Amino acid sequence: MLNRYPLWKNLAIMLIVFFGALYALPNIYGEDYAVQISATRGGEITTQTLDQVERTLRQNNIEPRGLSMADGQILVRLDSDDDQLAARELLVDELGLQYIVALNLAPAMPKWLAAIGGDPLKLGLDLRGGVHFLMEVDMEEALRKMNEQMVTTVRDRLIEERIRYRGVAEDGNDIVIQLRSPEDFQSAVSTLRNEYAGYEMRTEAGTQTIRLAMTEQNLQEIRANAIDQNITILRNRVDELGVAEPLIQRQGQDRIVVELPGVQDTARAKEILGATATLEFRFVDTENSLQDALQGRVPFGSRLFDQRGGGKQLLENRIILTGDHIVNAQSGFDENGRPQVNITLDSAGGRMMSLATRDRIGDPMATVFIEFIATGETLEDGRLDFQRVEEVVNVATIQARLGSGFRITGIGSVQDAQNLSLILRAGALIAPIQIVEERTVGPSLGAENVRAGMTAILAGFVLVLIFMGIYYRKFGLVANLALLTNLVMIVGIMSLIPGATLTMPGMAGILLTVGMAVDANVIIFERIREELKEGRSPQQAIARGYENAFSTIADANITTLITALILFAVGTGSIKGFAVTLAIGIVTSMFTAILGTRAVINLTWGRNKRLTELSI
Amino acid sequence: MFFEITKVDENNPIRFMNYRKLTTWLSIIVAVLSITILSVNKLNWGLDFTGGTLIEVGFSQPANLSELREVLEANEFGDAVVQNYGTQRDVLVRVPPRDEAGSESIGDQLLRLLQSEVDPDMVMRRVEFVGPQVGEELAEAGGLALIVAMICILVYVSFRFEWRLALSAVVGLFQDVLMVLGLFALFQFSVDLTILAALLAVIGYSLNDSIVVADRIRENFRKFRKEDPVSVIDISLSQTLSRTLVTSLTTIMVLVTLLLFGGQMIEGFAIAMLVGVIVGTYSSIFTRSTLVLALGISREDLMPPEVEKEGADQDPVL
């Protein structure tokens, strides 16, 4: 009997190993120091920006190693970290607030590897250094404000309609209205019916009570809005921090994860993340000419404002309303299917708006977004200096006297409408947010972790290789080859999967799979030895050894896979990294230890008809 | 000739089960000890589960811990725990969770304090803050993970083998986890999320062992029809012994390198796994086999189900 794999099987194995190795390749080229430039607040990355960047650097004797523009970003590669820091400072000064200049590391692999989607392993925060925040949106507070709002609105409505009530109060998220007489009850029912979206009316004629119950859908919407609003604000803030690859995403019902690789000054990060944004509605000054104002003759009682995307606007000093009166802003469509934004104000805001717009129908009204941006300077008391930046984000003509609900129409595109509603919400009354978890790793510890992890992996690996070589002789060498391939394939697959990051426990996971991957080969080789002892021929022993060992190996690995999956489900951050490497390692080790070694053994010994002894 | 760890085979098996009374008592005594230590000493729960703030800093000089404590005490951090971490210059400061608002900035306060009053050249290495709510959730999720893992495994092994083998496998896992936790309580090592990961990895590893053995037990019950269950188990254990030892050895090798070179953050993980692998090897040889015998396993339980022929249970028509 002979042991041979059909040609297709050998080719398939070689192909899989080849691809594993190919995608592991980007990791050996290392990384360049880089500065990454992207646009914000209406800025735009063009070839002119690229020229500007190059000129600035050349003028200051910084020779970039590479300069490229892709996906609306400019990437400047530099020779050293000194150059990198210097370049960043120069470019921040040169480009101004409309651009984000972030420090980054760019993979130094050749172009063809990038072209086939190659990417080096992504390191977790515990290895590259950085901050991980878990933030919680205070939903209770958001709802409390919402309900307070609603009580005032309902009360005002009843007063307006001269309906006498005993009381309007919140009960959980519901609003309960007690009327004075059956007549009042009747008119209240007809007034309030279908008046408020998101509430269901339940009446009780006997006690003259009306209950406006918040619908589940509305509750979900309020929650989602509170989260979205905070994510939007956090995005803007993070842009300001100049972080190359930030991660901001919702986690569970009311939490947001923020990961900022490379950031170490957490105090500063927290201050910037916590900075507020606000919003103002102002009338456009139509009495005076914008041209005159641009030439320096700004009339008394008005002021020039920057417009987002370029240009200026002359606005009145008087503020109609500030953003904290905005309850909600939603993009949608008007009767003709054109994009619009619906805005809901609280009742006080509604009154102010109504008073202000009474005599100004036909006049343009501007929406001004105000952010506080860190200048990079520190004040005497150690706090950061914030600069107030104001921008006109929209100008619309007032069509009618406005109240607590109005809309902005005439918006160019659906995208613009969505952006405007986002900005309106970002400047609105904010659901408060709180940091519930923080994990910061300094750059020195990160680098140390990488070093320690690599040393441990290499040392453990070499020990196992030596042991297997001695104990199983030539078959041991085959197992070693499989082990090496396994390591390459774990790295290749981890590099290929976009979400997989290598963490410190992940490195432990790799080392552990090295220790455990040999198990499959140990089981097989022990079986072959047993078969030999029972007097079978070497070729038969090989075949039966693999055959008998297979189900055992499969069972053992599936149970380990189960634990890895559970770990992935409950773990956070670095523990997830461990679960991912463990799971990938199990799958690749099954492949290399069973199919891989068999292919090599078949090719080496399987064709020999007169094989009398095995080096096992 | 092979280079072998053991010279045993089916004709000359080690009579492991002769010692089963002894090992059962040993297991029971150690288990009782572990539980006693756990209830007296309690586990030293890490920041992940208790909540609070932890900072790790690197000083430019070897740190004077008592001076540090004085500085902290003078600034309302009297409840802080200060200890060296790895080297003389690296210090870990841990502050229990506080109720008042702004507790997320305690880490920053500590850093500023140490920088201004102790060492301006100090380097921040790590800051961790876990809110009490998050800590509780992590603990809950962790406990749940262990239980769910054991149940999933129980189901899978019952499905693949037989309930006696499955139950004894899970009891063995329980023993492994208990030993590791007992040891952690005894030495007051900190139990954090990485320890949880290690426990789950131990479960996976130890199960690996028991499945290999269980597989062989099943095979041998079918093969050696004349032997009694005790001998079958002894033979199975002897046949798999060298595999058990070789795999344990390679795993222990990599764990020792991890312990030696992997750095402080992974130390607890390496210790937990190392203990777990050693106990796991013991439990897969003794605890589980003893239990399988005690549960009364017999050849019939492990025979492949007979394929029923259609109509075989009916009287022939003619």
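Since the structure is predicted, the reported quantities are computational estimates derived from the model, not experimental observations. (Residues numbered from 1 in each chain as written. Chains lettered and ligands numbered in written order. Predicted model: local features only at pLDDT ≥ 70, side-chain atom pairs only at ≥ 80, totals over all residues.)

**Considering the overall build of chain B**
Check the secondary structure of chain B and you find ten helices and six strands. Relative to its length of 318 residues, chain B is extended, with a C-alpha radius of gyration of 26 Å against a globular reference of 20 Å. Taken along the three principal axes of its C-alpha coordinates, chain B extends 100 × 55 × 35 Å. Split into buried and exposed, the 318 residues of chain B put 47% on the buried side. Across chain B, the fraction of contacts at a sequence separation of at least 24, relative to all contacts at a separation of at least 6, is 79%. (Helix = DSSP H or I, 4+ residues; strand = E, 2+ residues; numbered from the N terminus. Rg over C-alpha atoms; globule rule 2.2 N^0.38 Å. Buried ≥ 20, exposed ≤ 12 C-beta atoms within 10 Å, placed from the backbone. Contact = placed C-beta atoms within 7 Å.)

**Thoughts on the overall build of chain A**
Within chain A, the secondary structure is distributed over 16 helices and 22 strands. Taken over C-alpha atoms, the radius of gyration comes to 33 Å for chain A, far larger than the 25 Å a tight globule of 616 residues would show. The burial tally for chain A puts 45% of its 616 residues in the buried class. Looking at chain A alone, contacts between residues at least 24 apart form 72% of all its contacts between residues at least 6 apart.

**A closer look at the interface of chain A and chain B**
The partner chain B presents 58 residues to the 57 residues of chain A that form the contact. Secondary structure elements with two or more residues in the side of chain A that touches chain B: α9 (266-274), β21 (433-441), α13 (443-496), α14 (504-533), α15 (538-570) and α16 (573-604) of chain A. At 16 residues, α14(A) tops the list of elements feeding residues into the side of chain A that touches chain B. Residue composition of the side of chain A that touches chain B, grouped by class: 32 nonpolar, 15 polar and ten charged. (Nonpolar A, V, L, I, M, F, W, Y, C, P; charged D, E, K, R; others polar.)

**A word on the pairing of strand β7 (residues 165-171) of chain A**
All names here are of chain A. The sheet contact formed by β7 and strand β8 (residues 174-179) spans six bridges and is antiparallel. Looking at the pairing, Val168 lines up with Ile177 of β8. Joining the antiparallel neighbours β7 and β8 is a turn of two residues, in which Gly172 adopts a positive phi near 65 degrees. (Pairing = 2+ DSSP bridges.)

**Points about the nonpolar core**
The biggest cluster of nonpolar side chains holds 140 residues, and the ones touching the most others in it are Leu511(A), Leu567(A), Ala197(B), Leu199(B) and Leu200(B). Per-element accounting of this core gives the leading share, 20 residues, to α13(A). Residues Val131(A), Met150(A), Ile163(A) and Leu234(A) belong to the second largest nonpolar core, which totals 69 residues. (Core = buried A, V, L, I, M, F, W, Y, C linked by C-beta atoms within 7 Å.)

**Some details on the domain arrangement of chain B**
Interfaces are often sized by the accessible area lost when the parts come together. Taken domain by domain, chain B comprises domain 1 (16-44 + 135-302) and domain 2 (52-130). Domain 1 of chain B and domain 2 of chain B are separated by 39 Å when their C-alpha centres are compared. (Domains from an automatic or database assignment.)

**Things to note about the packing of α13(A) against helix α8 (residues 229-261) of chain B**
Viewed as axis vectors pointing N to C, α13(A) and α8(B) meet at an angle of 155 degrees, and their least axial separation amounts to 8 Å. Of the possible angle classes, the one that applies to α13(A) and α8(B) is roughly antiparallel. α8(B) is crossed by α13(A), and the crossing has right-handed handedness. Across the interface between the two elements, Ala452(A), Thr455(A), Ala456(A), Ala459(A), Gly460(A), Leu463(A), Val464(A), Phe467(A) and Tyr471(A) from α13(A) touch Val246(B), Thr250(B), Met253(B), Val254(B), Thr257(B), Leu258(B) and Phe261(B) from α8(B). Partitioned by chemical class, the residues of the contact of α13(A) with α8(B) number twelve nonpolar, four polar and no charged. (Axes fitted to C-alpha atoms, helices over the stretch in contact; angles between N-to-C directions. Parallel < 35°, antiparallel > 145°, perpendicular 65-115°, else oblique. Left-handed = near helix turned anticlockwise from the far one by under 90°.)

**As for the packing of α13(A) against α14(A)**
Residues and elements named next belong to chain A. Between α13 and α14, the shortest axis-to-axis distance is 8 Å and the interhelical angle comes to 5 degrees. In terms of orientation, α13 and α14 fall into the roughly parallel class. By residue class, the composition of the contact of α13 with α14 is 20 nonpolar, seven polar and no charged.

**Topic: the confidence of the model for chain B**
All names here are of chain B. When pLDDT is averaged along chain B, the result is 86, and 92% of the positions lie at 70 or above. Confidence drops under a pLDDT of 50 for residues 308-313, and excluding neighbours within four residues, the segment shows zero contacts in the predicted structure. Predicted as a complex, the structure gets a pTM of 0.79 and an ipTM equal to 0.86. (pLDDT = per-residue confidence, 0-100.)

**Here's the deal with the domain arrangement of chain A**
Domains assigned within chain A are domain 1 (7-26 + 444-604), domain 2 (31-108), domain 3 (140-219) and domain 4 (275-430). Placing a centre on the C-alpha atoms of domain 1 of chain A and another on those of domain 2 of chain A gives a separation of 42 Å.

**Examining helix α6 (residues 139-160) of chain A**
Residue and element names in this part refer to chain A. For α6, spanning 22 residues, the distance from its first C-alpha to its last is 31 Å, which sits close to the expected 32 Å at 1.5 Å a residue. All buried positions along α6 are accounted for by Ala142, Met146, Gln149, Met150, Thr153, Val154 and Leu158. Each buried residue of α6 lies within a common arc of 165 degrees when the element is viewed along its axis, so the set occupies one face. Residues of α6 that are exposed and angled more than 90 degrees away from the buried face: Glu140, Glu148 and Ile159. Looking one or two residues beyond α6, the residue adopting positive phi is Arg162, at roughly 55 degrees. (Expected span 1.5 Å × (residues − 1). Arc of directions from axis to C-beta.)

**Some words on unusual backbone geometry**
Residue and element names in this part refer to chain A. We note that Arg162 has phi near 55 degrees; this positive angle belongs to a residue other than glycine. You can see Arg162 is positioned in the loop between α6 and β7. Assessed through the 8 C-beta atoms surrounding it within 10 Å, Arg162 is described here as exposed. One non-glycine residue, Gln208, lies in positive phi territory at about 55 degrees. With respect to the secondary-structure elements, Gln208 resides in the loop between β9 (199-204) and β10 (209-214).

**Focus: the sheet that holds β9(A)**
Residues and elements named next belong to chain A. Pairing in this open sheet of four strands is antiparallel, and the strands run β7-β8-β10-β9 from one edge to the other. The strands lining the two open edges of the sheet, one partner per strand, are β7 and β9. Strand after strand, the sheet turns through a mean of 15 degrees between neighbouring axes, direction not considered. Of the strands in this sheet, β7 and β8 touch α6, which is tilted by about 160 degrees from β7. Sheet strands in contact with helix α7 (residues 182-192) are β7, β8, β9 and β10, and its direction is about 145 degrees off that of β8.

**Considering the sheet that holds β21(A)**
As summarised here, the arrangement of the eight strands in space is β11(A)-β12(A)-β6(A)-β21(A)-β5(B)-β2(B)-β4(B)-β3(B), forming an open sheet in which the pairing is antiparallel. Taken across any chain shown, the strands that pair with only one partner, and hence form the sheet edges, are β11 (247-251) of chain A together with β3 (81-85) of chain B. Averaged over all adjacent pairs, the angle separating strand axes in this sheet is 20 degrees, with direction ignored. Across seven bridges, strand β2 (residues 52-58) of chain B lies against strand β5 (residues 123-130) of chain B in antiparallel orientation. Bridge assignment links Gly52(B) to a residue of β5(B), and that residue is Val130(B). Against the sheet, helix α5 (residues 132-160) of chain B contacts β6 (130-137) and β21 of chain A together with β5 of chain B, and its axis sits at roughly 70 degrees relative to β21(A).

**Regarding the environment of Gly118(A)**
Residue and element names in this part refer to chain A. Along the chain, Gly118 falls in the loop between α4 (111-115) and β5 (122-123). Placed 115 residues apart in sequence, Gly118 and Asn3 show a C-alpha to C-alpha distance of 37 Å. For Gly118, the contacting residues outside a window of four places in its chain are Tyr23, Leu25, Pro26, Met109 and Leu113.

**Quick notes on the environment of Ser187(A)**
Summarising the element assignment, Ser187(A) is placed in helix α7. Taking the C-alpha atoms as reference points, Ser187(A) and Val131(A), separated by 56 residues in sequence, lie 58 Å from one another.

**Some words on α7(A)**
Residues and elements named next belong to chain A. Here α7 has its buried residues at Asp184, Phe185, Ala188 and Leu192. Buried residues of α7, viewed axially, fall in a sector of 100 degrees; they line one side. Every exposed residue of α7 that faces more than 90 degrees away from the buried side is listed here: Pro182, Glu183 and Ser190. Packed against the buried residues of α7 are α6, β7, β8, β9 and β10. Among the residues trailing α7, Asn194 stands out with phi positive, at a value near 60 degrees.

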